[in-house]
Amino acid sequence: MKTIEVDEELYRYIASHTLHIGESASEILRRMLKLAPVVAEKNEEAVVVPEVAAAPVDRVHKVQKLLSSADFKEQKKAVDRFLLILSTLYHADKQSFSEATESLHGRTRIYFSHSQETLLKNGRHTKPKSIPETPYWVITNTNTERKRSMIVQIMSAMQFTAELSEEICLTI
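Under an unreviewed UniProt entry, the chain has the name Negative modulator of initiation of replication and belongs to Pragia fontium DSM 5563 = ATCC 49100. Its UniProt record, at the heading Subunit (unreviewed entry), says of the chain: "Homodimer. Polymerizes to form helical filaments." In its Subcellular location (unreviewed entry) section, the UniProt entry covering the chain states "Cytoplasm".

Right under this line is the structure:
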């Protein structure tokens, strides 16, 4: 391995494209430049691996695909776009979504649950709605900024880039 120096702005840019914990700068750059990943063997010689790690890229692709889908573009209400985004995030990575929503709540309200009753018990006027094609319910009686904040927090916990989170949030 060679060491190179980069300025702080470039370092932050590279780091913002991290797809999973432990991904090295070299791996991030190889992915961004569409180069094959490299795996080091015991003798420290690098071996090029022809297939690209599919899971993180598939997650990103699923979320990006939502933005161009006809179903998403047809949604007139922010709450309906919010629900479709949550459904897509769930289907992109069910385990990460579950972990991200467990710790996401307000001062007095729970935002996500597996039951409508739980959300109704933990806040007034929460207007719980079922997240399409998931076992989750979410409160929807929040302003657009709170909905955006919830999406950013979930996507951050799921290790999506800040740029993709911002792009998604602008659609709500």
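This paragraph deals with the overall build of the chain. Broken down by element type, the chain carries nine helices and five strands. For the chain, the N- to C-terminal ordering of α and β elements is α-α-β-β-α-α-α-α-β-α-β-β-α-α. The buried share of the chain, reckoned over its 172 residues, is 35%. A fraction of 51% describes how many contacts in the chain between residues 6 or more apart in sequence connect residues 24 or more apart. Counting only carbon and sulfur atoms, one obtains 53% of the accessible surface of the chain, whose full area is about 11,200 Å².

It is the contact of helix α5 (residues 78-92) with helix α8 (residues 144-157), at a shortest axis distance of 11 Å, that shows an interaxial angle of 10°. In terms of axis orientation, α5 runs roughly parallel to α8. Residues A78, V79, F82, I85, L86 and L89 of α5 lie in contact with α8, whose contacting residues are T144, K147, M150, I151, I154 and M155. Of the residues belonging to the contact of α5 with α8, the class tally is 10 nonpolar, one polar and one charged.

Cut-offs and rules
- Residues numbered from 1 in each chain as written.
- Predicted model: local features only at pLDDT ≥ 70, side-chain atom pairs only at ≥ 80, totals over all residues.
- Heavy atoms only, no water.
- UniProt positions renumbered as here; feature names shortened; annotations may be inferred.
- Helix = DSSP H or I, 4+ residues; strand = E, 2+ residues; numbered from the N terminus.
- Buried < 20%, exposed > 50% of the residue type's maximum accessible area, 1.4 Å probe, protein only.
- Contact = heavy atoms within 4.5 Å.
- Areas by Shrake-Rupley, 256 points an atom, 1.4 Å probe, with all protein chains shown as cover.
- Axes fitted to C-alpha atoms, helices over the stretch in contact; angles between N-to-C directions.
- Parallel < 35°, antiparallel > 145°, perpendicular 65-115°, else oblique.
- Nonpolar A, V, L, I, M, F, W, Y, C, P; charged D, E, K, R; others polar.

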